[in-house]
Amino acid sequence: QVQLRESGGGSVQAGGSLRLSCAASGRTFSSSGMGWFRQATGKAREFVAAINWSGGSTYYSESVKGRFTISRDNAKNSVYLQMNSLKPEDTAVYYCAGSAYSPAFTQTWRYDSWGQGTQVTVSS
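Every value quoted in this text rests on a predicted model; they were computed, and no experiment measured them.

Colleague: I'd like a rundown of the nonpolar core, residues and numbers included.
Modeller: Across soluble globular proteins, nonpolar side chains have a tendency to be buried as a group. If you look at the biggest cluster of nonpolar residues, it comprises 25 residues, and the most contacted ones within it are W36, L81, M83 and Y94. The biggest single contributor to this core is strand β3 (residues 18-25), with four residues. Apart from residues lying up to four places away in sequence, L81 is in contact with L18, R19, L20, W36, V48, A49, F68, T69, I70 and Y94. The next biggest cluster of nonpolar side chains, apart from the first, holds seven residues, and it includes F47, A104, F105 and Y111.

Next comes the structure, spelled out in structure tokens:
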């Protein structure tokens, strides 16, 4: 398992950008698939982006494809989510997730490690 902590959230106007970071601790990070999920108030948690252990495979939800980019730096034990062209509907708490396995997963149940979340608010 890996312990995770998100940072970089905040408030931004529509069309702006934010870069979320997820700092991981644990020896398994470099072999772990990682993901970003978000949960808006009153809504279910939904998939945003995922990346496999090496960064060679990435996946995005249709709603963020072309605007968000997930990346990782195993030397720094970190995963990132660059968010561009933000929309009000992107407003949510964003969670970093880690898997005990190496592939990139899009399903919440595939992940067994979760950060506490960071708030992203996009105003119109």
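Colleague: Pulling in residues and values, what's your account of the environment of T69?
Modeller: One can find T69 in strand β7 (residues 68-73). Once the C-alpha coordinates of T69 and L81 are considered, the two residues, twelve residues apart in sequence, prove to be 5.6 Å apart. For T69, the contacting residues outside a window of four places in its chain are Y60, Y80, L81 and Q82.

Colleague: Requested: an account of the pattern of salt bridges, with residues and values cited.
Modeller: For the coordinates displayed, the defined rule picks out four salt bridges. The shortest N-O distance in the salt bridge between R38 and D90 comes to 2.8 Å. Taken together, the residues R38 in strand β4 (residues 34-39) and D90 in the loop between β8 (78-83) and β9 (92-98) connect sequence positions 52 residues apart. Assessed through its relative accessible area of 5%, R38 is described here as buried. A relative accessible area of 0% places D90 in the buried class. Here K65 ties to E62 by a salt bridge, and the two come within 3.6 Å at their closest N and O atoms. Classification of K65 as partly exposed rests on a relative accessible area of 49%. On the accessibility criterion, E62 (65% relative accessible area) is exposed.

Reading the values: the criteria
One numbering rule holds for all chains: residues counted from 1, following each sequence as written. Reporting of local features is limited, given that this is a predicted model, to residues whose pLDDT is at least 70; pairs of side-chain atoms are given and counted only at 80 or more, and all residues count toward the totals for whole chains, interfaces and linings. Water and hydrogen atoms were dropped before computing side-chain values, which therefore reflect all heavy atoms in the structure. Here, nonpolar core refers to any group of buried Ala, Val, Leu, Ile, Met, Phe, Trp, Tyr and Cys residues whose side-chain atoms link them within 4.5 Å. Only protein chains enter the accessibility calculation, which uses a 1.4 Å probe; a residue is then buried when its area is under 20% of its type maximum, exposed when over 50%, and partly exposed in between. Secondary structure follows DSSP: runs of H or I at least 4 residues long count as helices, runs of E at least 2 residues long count as strands, and numbering of each begins at the N terminus. Contacts are assigned to residue pairs that have any heavy atoms within 4.5 Å of one another. Criterion for a salt bridge: a side-chain nitrogen of Lys or Arg within 4 Å of a carboxyl oxygen of Asp or Glu.

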